[in-house]
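# Remarks on the overall topology
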Amino acid sequence: MQVLVKNHPHPRSSGVPAAAPSSRLPCDVTLSPGQRGHVSNPPTANIRVTFLPAGLLLHDVTMAGLQELRFPEEKPLLRGQDAAELENSDTFLLAVDTDWKEHDIETPYGLLHVVIRGSPKGNRPAILTYHDVGLNHKLCFNTFFNFEDMQEITKHFVVCHVDAPGQQVGASQFPQGYQFPSMEQLAAMLPSVVQHFGFKYVIGIGVGAGAYVLAKFALIFPDLVEGLVLMNIDPNGKGWIDWAATKLSGLTSTLPDTVLSHLFSQEELVSNTELVQSYRQQIGNVVNQANLQLFWNMYNSRRDLDINRPGTVPNAKTLRCPVMLVVGDNAPAEDGVVECNSKLDPTTTTFLKMADSGGLPQVTQPGKLTEAFKYFLQGMGYMPSASMTRLARSRTASLTSAGSVDGSRPQACTHSESSEGLGQVNHTMEVSC
């Protein structure tokens, strides 16, 4: 196995303007049948929580008065600090340029470009990301992973960003006649990454095409995946009508504009927001267009994701790990994500629909997504004592009474497979502003 390793500065920004967190706070959370685990730090203050049990009875619960938790002091990495000591601690390593390393890893289907920060911590999984078509790890995830509150999470895990073949910044154009890997082959390349870095298992975060690849990876190698966050996933292959429409669009539009219609809602495209303009420029200038065309063609040639809800068909195959599905309201992938939710095990699936987030919730609403991701990890048993995010603290502060520090905290929405009376409850959350 040939592995090329070099230090690689990881820019704090990809050139895409990060959307400022909205000052309008989420006010609706809808919960429906079946989730495993529990949430240690529930959303707080002015949140209407609607529980949807099997009988579809609705109960409004107002949660307020939680005591405010404090962040521990975070210190940057000192250059003289012992590396072994840091690997065995949860000391926060600031995302300075020297923290990230770039690797080109040989796999059965060619080289795979990976950027990683940190090293495996005991039995904890790594966070492994896979971007959408038209993007790379920087364009897709920089805003989310550079968000301030996300550092409270990433200091506990090694982070591994995977770029699809030929999509990274500065990638050479593939030679004439190159056969781009199929979506199944892209998934089959990931075990080489896991093995190279010595990960026991991963928590995957994928967007669009990347979400499809990670879902396929979890189906083929279930023992390597402990949890999945799938944004804008479409579990269906393209039909003939969709295929013809894509071909026609390719004849009448430039490749960046064609990809933009996959990434952004129609409302965002018509408004031609600053974010859309920036991504149009970045997709056209940063990503190799010939390589992008190959990835785009392969994604549109994908097959249906072979999953069915247990009990609906004989020998149903589905994702065995906890899954959080995420989509923005009016996003082009909304129907696909809803259908994917209907095919997953309701006892292990959370569906998060985010208001005012458009097609890229990790870019437009990183604060809300960070908070949801933290609760997802806590439901899996990680970070039980982690402090609340800045968004949660801001909601709590306005309603915290003088005696709340010593007062009792309202009971969280918790449950387990053995809970009596409550049964299994799946969380379907609609976060509105």
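Residues numbered from 1 in each chain as written. Predicted model: local features only at pLDDT ≥ 70, side-chain atom pairs only at ≥ 80, totals over all residues. Heavy atoms only, no water.

Heads up, the condition is: UniProt positions are given in the numbering used here, feature names are shortened, and annotations may be inferred rather than shown by experiment.
The protein chain carries the name NDRG family member 4 in an unreviewed UniProt entry, which gives Felis catus as its organism. In the Sequence similarities (unreviewed entry) part of its UniProt record, the protein chain is described as follows: "Belongs to the NDRG family."

## With respect to the confidence of the model for the protein chain
Note the following rule: Think of pLDDT as the predictor's per-residue confidence, scored from 0 to 100. Two residues qualify as a contact provided that any one of their heavy atoms is within 4.5 Å of a heavy atom in the partner residue.
Summing up the model confidence of the protein chain, the mean pLDDT is 74 and the portion of residues at 70 or higher is 63%. Every residue in residues 1–97 scores below 50 in pLDDT, and together they form 254 contacts with partners more than four places removed in sequence or on other chains. Here residues 393–426 is a poorly scored stretch, pLDDT under 50, and it has 68 contacts once near neighbours within four places are set aside; other chains count.

## Here we look at unusual backbone geometry
Spelled out, the test is: Helix and strand labels come from DSSP, where a helix needs a run of H or I of at least four residues and a strand needs a run of E of at least two; each type is numbered from the N terminus. The cut-offs for exposure are 20% and 50% of the maximum accessible area for each residue type, with area from a 1.4 Å probe on protein chains only; residues under the lower value are buried, those over the upper are exposed, and the others partly exposed.
Although it is not a glycine, Asn 315 sits at a positive phi angle of roughly 55 degrees. With respect to the element layout, Asn 315 can be found in the loop between helix H11 (289–299) and strand E11 (323–328). Residue classification places Asn 315 among the exposed positions, given a relative accessible area of 80%. The phi torsion at Met 383 lies on the positive side, around 55 degrees, for a residue other than glycine. Mapping Met 383 onto the fold places it in the loop between helix H14 (366–379) and helix H15 (390–397). What makes Met 383 buried here is its relative accessible area of 8%.

## Focus: the packing of helix H8 (residues 255–263) against helix H10 (residues 274–285)
Quick reminder of the rule: For helices, the axis comes from a line fit to the C-alpha atoms of the stretch in contact; other axes are also lines fit to C-alpha atoms, and the angle between any two N-to-C directions lies between 0 and 180 degrees. Should an angle fall under 35 degrees it is taken as roughly parallel, and over 145 as roughly antiparallel, whereas 65 to 115 is taken as roughly perpendicular and any remaining angle as oblique. Crossing handedness: left-handed means the near helix sits turned counterclockwise from the far one by under a right angle, and right-handed means the same turn made clockwise. Classification used: nonpolar for Ala, Val, Leu, Ile, Met, Phe, Trp, Tyr, Cys and Pro, charged for Asp, Glu, Lys and Arg, polar for all others including Gly.
Across the interface, H8 lies against H10 with an axial gap of 9 Å and an inter-helix angle of 130 degrees. By the criterion of interaxial angle, the relationship of H8 to H10 is oblique. Crossing geometry of H8 relative to H10 is assigned as right-handed. For the pair formed by H8 and H10, the contact residues are Pro 256, Asp 257, Val 259, Leu 260 and Leu 263 on the first element and Val 276, Tyr 279, Arg 280, Ile 283 and Gly 284 on the second. Here the contact of H8 with H10 is built from residues that sort into 7 nonpolar, 1 polar and 2 charged.

## Focus: the packing of aromatic side chains
Test applied: Two rings from Phe, Tyr or Trp (for Trp, the six-membered ring) form a pair when their centres are within 6.5 Å of each other. A pair whose planes differ by under 30 degrees is stacked, one over 60 is edge-to-face, and the rest are tilted. Over a ring means this: the NZ of a Lys or the CZ of an Arg is within 6 Å of the ring centre and within 35 degrees of the ring normal.
Applying the stated criterion to the full structure yields 10 aromatic pairs. Considering the side-chain rings of Phe 197 and Phe 199, the 5.5 Å spacing of their centres and the 20 degrees angle between planes classify their relative orientation as stacked. One exposure class covers both Phe 197 and Phe 199, and it is buried. Aromatic rings pair up to connect Phe 174, Tyr 178, Phe 180 and Phe 295 into one cluster. Over the ring of Tyr 299 we find Arg 302; its NZ or CZ atom is 4.1 Å from the centre of that ring.

## Overview of the nonpolar core
Using the following cut-off: Take the buried residues of types Ala, Val, Leu, Ile, Met, Phe, Trp, Tyr and Cys, join any two whose side-chain atoms come within 4.5 Å, and each joined set is a nonpolar core.
Grouped together as the largest cluster of nonpolar side chains are 98 residues, with contacts concentrated most on Leu 230 and Phe 373. Top contributing element to this core by residue count: helix H6 (residues 209–220), with 9 residues. When neighbours within four sequence positions are excluded, Leu 230 is seen to be in contact with Gly 206, Ala 211, Leu 214, Ala 215, Leu 319, Val 323, Met 324, Leu 325 and Val 326.

## Re the packing of H8 against H11
Any two packed helices are characterised by how steeply their axes cross, that is the angle between the axes, and by the distance between the axes. Running from amino to carboxyl end, H8 crosses H11 at an angle of 40 degrees, the nearest separation of the two axes being 11 Å. Classified by the angle their axes make, H8 and H11 are oblique. Taken as a pair, H8 and H11 cross one another with a handedness that is left-handed. Contact residues: H8 offers Leu 255, Pro 256, Thr 258, Val 259 and His 262, while H11 offers Gln 289, Leu 292, Gln 293, Trp 296 and Tyr 299. Classifying every residue of the contact of H8 with H11 by side-chain character gives 6 nonpolar, 4 polar and no charged.

## Observations concerning H14
Short version of the rule: Here, expected helix span is obtained from the residue count minus one, scaled by 1.5 Å.
The end-to-end C-alpha distance of H14, which contains 14 residues, comes to 20 Å, matching closely the 20 Å that a straight helix rising 1.5 Å per residue would cover. The buried count for H14 comes to 14 of 14 residues, which makes it a mostly enclosed element. Backbone geometry just after H14 places Gly 381 at a positive phi near 100 degrees.

## Observations concerning helix H2 (residues 137–145)
Counting buried positions along H2 yields 9 of 9 residues, so the element is predominantly enclosed. Where H2 is concerned, the buried positions are His 137, Lys 138, Leu 139, Cys 140, Phe 141, Asn 142, Thr 143, Phe 144 and Phe 145.

## Concerning the environment of Leu 305
Summarising the element assignment, Leu 305 is placed in the loop between H11 and E11. Expressed as a C-alpha distance, the spacing of Leu 305 and Gly 237, which sit 68 residues apart in the sequence, is 7.5 Å.

## Quick word on the pattern of salt bridges
Here the idea is simple: oppositely charged side chains can pair when their charged atoms come close. Just so we agree on the cut-off: Each salt bridge in this description consists of a side-chain nitrogen of Lys or Arg and a carboxyl oxygen of Asp or Glu lying within 4 Å of one another.
Across all of its chains, the model carries 8 salt bridges by this definition. One salt bridge in this structure joins Asp 306 and Lys 317, with 3.7 Å as the shortest N-O distance. Here Asp 306 is found in the loop between H11 and E11, whereas its partner Lys 317 is found in the loop between H11 and E11, with 11 residues between them in sequence. Judged by relative accessible area, which is 43%, Lys 317 ranks as partly exposed. Across the pair Glu 334 and Lys 353 runs a salt bridge whose closest N-O atoms are separated by 2.8 Å. Of this pair, Glu 334 sits in helix H12 (residues 334–343) while Lys 353 sits in strand E12 (residues 349–354), placing them 19 residues apart in sequence. Judged by its relative accessible area of 17%, Glu 334 is buried. Classification of Lys 353 by relative accessible area gives partly exposed; the value is 22%.

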